[in-house]
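One-letter residues, chain by chain:
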Amino acid sequence: MAIKSTLKKDLDKIHTFKPEALTHPKQASWITPLSLEDDLAQLSNCDLVIEAIIEDIDAKQALFKKITPHLNSEVILATNTSSLSVNQIGEKLGKFKSRFCGIHFFNPPRYMPLIELISTEETDREILDNLEGYFTSELGKNILYAKDESGFIANRIGVFSIVACIHHAQRLSLGFDTVDALTGVKLKRPKSATFRTADLVGLDILKHVFEQFERAHTNDPWHHYFKTPEWLNTMVGNHLLGEKTKGGLYKKEDGIIKIYQPENQSYVKAIYDIDKSVKEILKKDTSKQLTLLKSNKHPQAQFLYSVIKDTCLYSAYHLKDIAHSTRDIDWALHWGFGWEVGIFEYWQINGVEQSLALFLEGNEEVSTPNWLNDVADFYIEEGAYSPMEKSFVAYSDHSIYQRQLHRPTLMGESNKEQGQTIFENDSVRFFHEGDGIAVFSLKTKLNTLNLEVINSLIKAIEIAEQEFKAMILWQDSAPFCAGANLYEIVAGAKLGMIEHQNLISSFKKKAWQLLKPNLPSLEDLKPINEVIELLQQALMSLKYSKIPTVAAVEGLALGGGCEMLLHCDSRVVHTESYVGLVEMGVGLLPAGGGCKEMARRAAKHENMFPILAKYFEQIGLAKVSSSAMKALEMGYLDENDLIVSQRLELLYFAKQKAYLMINKNYRPEDVNQTFKVGGTTAKANILAQLTNMKTGEFISEYDDFIARKIADVLCGGEVDPGTEVDSQYLLNLEKIHFIELLKKDKTQDRIEHMLIKHKPLRN
Amino acid sequence: MKINRVGVLGSGVMGTQIAGVFANANIPTLLFGYQEHVKKRFRQDSYF
């Protein structure tokens, strides 16, 4: 079938989304662009049809009327809407009414984990069950059932919180930047907080949302909050819409971030000022926050108290109308708005009754639902409170969740520690679940590697070889592993402990005490060259142990994290995995067997030169894959690895993979096996490429210096092309070059810069 | 019933990206759009 050119052009748009809509450009081949005018007959082949046109009730109804004659009778029919009544959209669907429901995807749909499902009065339960399983497992989404109320659950509460921020900021005369400093990470919410989020979404959309709230919720006790603020009307009128217009509440000018001043419609430097006393409260234990905020008279404290109080009471007041239990609202805030603590979780941490008493104290106008008087907690071991059921309800028992071996729970709900611990320390937990498979899990910040992790890994493999049938590397939550703990490396280097232990002066000892508190004690510290040897030993035994090893990967797998997955026998990888050997960014090269593994992989190709050149470029430019599909293309995964959509199914599938290898009588490869390297010829090729980059000023002098070392290891040093080498030979080369680089001031500067500024230094 | 093929109606910002979600999961997807001469301006008024 010939595809009409305009439609083809339409589909090309899919490659232009930022952030990227597709995990790999070639995924577009799964999409056939068709015409709503001429091709409706094709609908009869579809098992699920989702309408996603403009938010206009007449347009939606008219489209459904037009398509229904072409549907097969078994179809599942859905409308994607965020603001219209699903019942109303579907009211003229006739015999398809029972096969129709609402779906609310969040934008951008690839990255937002939440889908709200909305049934109508007539939707078949079987349809919803089918979609719940399908969206959960095949698309990797998290499903919440919402009632057919404007804004559903997430936007109703999440947007209210923004509206409340705007209301109270105006009342207390706080600047937009101050509000963002107060409502971002310090409150365990996303960094973009309130107004930076508004800029990203678009101020025109925010204005629209205000109007919609004001229109849709006329009997709301908080209705007076929903009047569009004057400054918002003015900004939209002046076409200051946020990110898409390069000017919104924030604007970057001459490298300075500036914030909008509504009073005089101008921008001043953003200072994100937080009062010291308020900062102290936010640092403290959450359970005291509400009391402390209320008693602090600083406008910033009053602001936070008011916004949180309003959001708590608003959520309680509307819970019965929009959701089934408190859990629905909290997960909606986690998954739809990136909050780390839901509103009822926060309330419960501060004490349900105590907080309510605070809210009511000296305030006659508060609207509270009656059920609030019946509960001492929103969450207990048995589940979450449902005012409809007047009891605590359990999670959905859909069979698809049997694959979620570690199903997340909210604070206060039952959260039993998984399995039996084999051993545990500050950095790792090694456990099993009675099925003969041992699981190695990191507990460090961003799951980084440190000396304790490396030692634990060696110990874990020894135990697993004796007592278990397989071993899995898995983390409770992303990332898989963000790399090595740079503090340990730079501290070691600065202390003169690259190769020797005995250079530590008392002065340096003092400096050491001042360094990050989570470093190991001085006595436990080893010279860096020994640490590298240990890391190499740990990863080699991971690869050549008698039992199969599987890495369950999601999120970042960088540097040492990437080397870990490269040394497992198999990998189960979440679609959103960002993999790369990025050591170059801090002036180093992969020395945990990363270069060695890539050289080995290249050796499997008939013509290894172009493969080596590709791997060199990836390592030399510290490239990171933007998805699992890209990681496969980059050679970090192989065709036998399993890519899964649902992160909560990773451990389940890792175990399936392990069982498969156990049942196939797994035997490790021979550790002494040799392989061919590219040698001096391959290196000359690569270095020619490098010279071009240097002349073009794509890379600095020092980049070039590091790159030459990477090329040397990847090609096996000064040997003839085709020379057979073993793994240990390349590991030694890695170590020698790593140590030499670490001794350079420029490398140490790069590491420090990364630790302080969180971005690479080009020197 | 197994969902083997999906149809998405509307090739605006949301429709296209929703089709992308299915395509990322290797699911055959038909994306129905209006052709240029009948295309109305797409108004994205989803919340967030």
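Everything numeric in this text was worked out from a predicted model, so none of it was measured. (Residues numbered from 1 in each chain as written. Chains lettered and ligands numbered in written order. Predicted model: local features only at pLDDT ≥ 70, side-chain atom pairs only at ≥ 80, totals over all residues. Heavy atoms only, no water.)

The next point concerns the overall build of chain B. When helices and strands are counted, chain B shows one helix and two strands. Taken across its 48 residues, chain B has 65% of its residues classed as buried. In chain B, of all internal contacts separated by at least 6 residues, the share reaching a separation of at least 24 is 25%. For chain B, the exposed surface amounts to about 1800 Å²; the carbon and sulfur share of it is 51%. (Helix = DSSP H or I, 4+ residues; strand = E, 2+ residues; numbered from the N terminus. Buried < 20%, exposed > 50% of the residue type's maximum accessible area, 1.4 Å probe, protein only. Contact = heavy atoms within 4.5 Å. Areas by Shrake-Rupley, 256 points an atom, 1.4 Å probe, with all protein chains shown as cover.)

Each helix and strand counted, chain A has 28 helices and 21 strands in total. For a compact globule of 763 residues, the expected C-alpha radius of gyration is about 27 Å, and chain A comes in at 29 Å, within 12% of that figure. C-alpha extents for chain A along the principal axes are approximately 80 × 70 × 55 Å. Burial status across chain A gives 58% buried among its 763 residues. Within chain A, contacts between residues separated by at least 24 positions form 69% of all contacts whose residues are at least 6 apart in sequence. For chain A, the exposed surface amounts to about 32300 Å²; the carbon and sulfur share of it is 50%. Separation between the mean location of the 86 positive side-chain charges and that of the 101 negative ones in chain A comes to 4 Å. (Rg over C-alpha atoms; globule rule 2.2 N^0.38 Å. Lys, Arg positive; Asp, Glu negative; His and termini not counted. Charge placed at Lys NZ, Arg CZ, Asp CG, Glu CD.)

All names here are of chain A. With respect to topology, three strands assemble into an open sheet ordered 7-8-9, the strand pairing being antiparallel. In this open sheet, the two edge strands, each paired with only one partner strand, are strand 7 (250–253) and strand 9 (266–269). Recorded for the sheet is a direction-independent mean angle of 40 degrees between the axes of neighbouring strands. Bridge analysis of strand 8 (residues 256–261) against strand 9 gives four bridges, and the strand direction is antiparallel. Each bridged residue has a counterpart across the sheet, and for Gln261 the counterpart in strand 9 is Ser266. (Pairing = 2+ DSSP bridges. Axes fitted to C-alpha atoms, helices over the stretch in contact; angles between N-to-C directions.)

Bringing the packing of helix 21 (residues 594–603) of chain A against helix 27 (residues 727–742) of chain A into the picture now. Residue and element names in this part refer to chain A. With their axes 8 Å apart at the nearest point, helix 21 and helix 27 run at an angle of 135 degrees to one another. The angle between helix 21 and helix 27 falls in the class oblique. The way helix 21 lies across helix 27 gives a crossing that is right-handed. Here Gly594, Cys595, Lys596, Ala599 and Arg600 of helix 21 lie close against helix 27, whose contacting residues are Ser727, Leu730, Leu731 and Glu734. Class assignment for the residues of the contact of helix 21 with helix 27 results in four nonpolar, two polar and three charged. (Parallel < 35°, antiparallel > 145°, perpendicular 65-115°, else oblique. Left-handed = near helix turned anticlockwise from the far one by under 90°. Nonpolar A, V, L, I, M, F, W, Y, C, P; charged D, E, K, R; others polar.)

Below, the discussion takes up the side chain of A:Thr123. Residue and element names in this part refer to chain A. If you trace the backbone, Thr123 turns up in the loop between strand 5 (114–119) and helix 4 (125–137). Owing to a relative accessible area of 12%, Thr123 belongs among the buried residues under this scheme. A distance of 2.7 Å separates a polar side-chain atom of Thr123 from the backbone oxygen of Phe100. At 2.7 Å, the side chain of Thr123 forms a polar contact with the backbone nitrogen of Thr120. Not counting residues up to four positions away in its chain, the partners in contact with Thr123 are Lys97, Ser98, Phe100, Cys101 and Leu128. (Polar contact = N/O pair within 3.5 Å; in protein donor to acceptor, adjacent residues only side chain to side chain.)

What follows concerns the interface of chain B and chain A. On the side of chain A, 71 residues touch chain B, which itself brings 46 residues to the contact. Counting the surface lost from both chain B and chain A, the interface buries some 5400 Å², and carbon and sulfur atoms represent 63% of this. If you look at where chain B meets chain A, you find one salt bridge. Put simply, A:Glu138 and B:Lys2 hold a salt bridge, and the shortest N to O gap is 3.9 Å. Applying the counting criterion to the chain B and chain A interface returns 20 residue pairs in polar contact (both at pLDDT 80 or more). (Buried area = accessible area lost by both parts, 1.4 Å probe. Salt bridge = Lys/Arg side-chain N within 4 Å of Asp/Glu carboxyl O.)

When the domains of chain A are assigned, the result is domain 1 (1–31), domain 2 (34–146), domain 3 (154–368 + 376–393), domain 4 (418–483 + 532–581 + 625–669) and domain 5 (583–623 + 671–763). Its C-alpha centre places domain 1 of chain A at a distance of 37 Å from the equivalent point of domain 3 of chain A. (Domains from an automatic or database assignment.)

Another aspect to go through is the environment of A:Leu290. Residue and element names in this part refer to chain A. In this fold, Leu290 is placed in helix 11 (residues 289–295). Residue classification places Leu290 among the buried residues on the basis of a relative accessible area of 0%. Each C-alpha atom, one on Leu290 and one on Phe100, is 44 Å from the other, the two residues being 190 residues apart in sequence. Leave out the neighbours within four places in its chain, and Leu290 touches Tyr305, Ile308, Tyr346, Asn350, Ser355, Leu358 and Phe359.

Let us look at the nonpolar core. Residues and elements named next belong to chain A. Residues Ile67, Phe303, Ile329, Phe344 and Trp347 are the most contacted members of the largest nonpolar core, which totals 117 residues. Top contributing element to this core by residue count: helix 12 (residues 299–322), with twelve residues. Each of domain 2 (34–146) and domain 3 (154–368 + 376–393) accounts for three or more of the residues forming this core. Excluding residues that lie within four positions of it along the chain, Ile329 makes contacts with Ile153, Ile157, Ser315, Leu319, Ile322, Ala323, Ile343 and Phe344. (Core = buried A, V, L, I, M, F, W, Y, C linked by side-chain atoms within 4.5 Å.)

In this section: the pairing of strand 6 (residues 142–146) of chain A. With four of its five residues buried, strand 6 of chain A lies for the most part within the structure. Chirality of the crossover, the property in question, places the unit of strand 5 of chain A, helix 4 of chain A and strand 6 of chain A among those that are right-handed. (Right-handed = clockwise from strand over helix to strand, strands pointing away.)

Before going further, it helps to examine the packing of aromatic side chains. Residues and elements named next belong to chain A. Taken as a whole and judged by the stated rule, the model has 30 aromatic pairs over all chains. Taking the centre distance of 5.1 Å and the plane angle of 70 degrees together, the rings of Trp347 and Phe378 count as edge-to-face. Highlighted residues: Trp347 in helix 14 (residues 343–349) and Phe378 in the loop between helix 15 (352–360) and strand 10 (379–380), separated in sequence by 31 residues. Each member of the pair Trp347 and Phe378 is classed as buried. (Phe/Tyr/Trp six-rings, centres within 6.5 Å; stacked < 30°, edge-to-face > 60°.)

Residue and element names in this part refer to chain A. Here Ile343 lies in helix 14. Taking C-alpha positions, Ile343 is 15 Å from Gly184, a pair spaced 159 residues apart along the chain. If sequence neighbours within four positions are ignored, Ile343 has contacts with Ile308, Thr311, Cys312, Ser315, Ile329, Asp330 and Leu333.

Residue and element names in this part refer to chain A. Their axes nearest at 9 Å, the elements helix 5 (residues 154–171) and helix 12 cross at an angle of 150 degrees. Between helix 5 and helix 12 lies a crossing of right-handed hand. Together, Arg156, Ile157, Phe160, Ser161, Ala164, Cys165, His168, Ala169 and Arg171 of helix 5 and Gln302, Phe303, Ser306, Val307, Asp310, Thr311, Tyr314, Ser315, His318 and Ile322 of helix 12 make up the contact between the two elements. Across the contact of helix 5 with helix 12, the residue classes break down as nine nonpolar, seven polar and three charged.

Next up on the list: the pattern of salt bridges. Residues and elements named next belong to chain A. Enumeration according to the criterion identifies 38 salt bridges over all chains in this entry. The closest approach of N and O atoms between Arg327 and Glu413, which form a salt bridge, is 2.8 Å. In this pair, Arg327 is assigned in helix 13 (residues 326–337) and Glu413 in the loop between strand 12 (391–393) and strand 13 (420–424), connecting sequence segments 86 residues apart. The pair Arg327 / Glu413 is uniform in exposure class, with both members buried.

All names here are of chain A. Read from one edge to the other, the open sheet built from seven strands follows the order 13-14-15-16-17-18-19, with strand pairing classed as mixed. Where the open sheet ends on each side, the last strands, each with one partner, are strand 13 and strand 19 (642–644). Across this sheet, the average inter-strand angle for adjacent strands is 25 degrees, counted without regard to direction. Pairing between strand 16 (residues 470–473) and strand 17 (residues 549–558): three bridges, direction parallel.

With that out of the way, let us pick up helix 16 (residues 451–467) of chain A. Residues and elements named next belong to chain A. For helix 16, with 17 residues, the first-to-last C-alpha span of 24 Å sits near the 24 Å given by 1.5 Å per residue. All of the buried residues along helix 16 are Leu451, Val453, Ile454, Ser456, Leu457, Ile458, Ala460, Ile461, Ile463 and Ala464. On its buried face, helix 16 sits against strand 13, strand 14 (428–432), strand 15 (437–442), strand 16, helix 17 (486–494) and helix 19 (528–544). Between the side-chain oxygen of the N-cap and the backbone nitrogen of Glu452 there are 3.0 Å, and the N-cap of helix 16 in question is Asn450. (Expected span 1.5 Å × (residues − 1).)

It is worth spelling out the pairing of strand 4 (residues 100–105) of chain A at this point. Residue and element names in this part refer to chain A. For strand 4, the tally of buried residues reaches six of six residues, placing the bulk of the element in the interior. Burial of the side chains of strand 4 extends over both faces: Phe100, Gly102 and His104 are buried on one face and Cys101, Ile103 and Phe105 on the other. The pairing of strand 3 (residues 76–80) with strand 4 spans four bridges and is parallel. Across the sheet, Ala78 pairs through a bridge with Cys101, a residue of strand 4.

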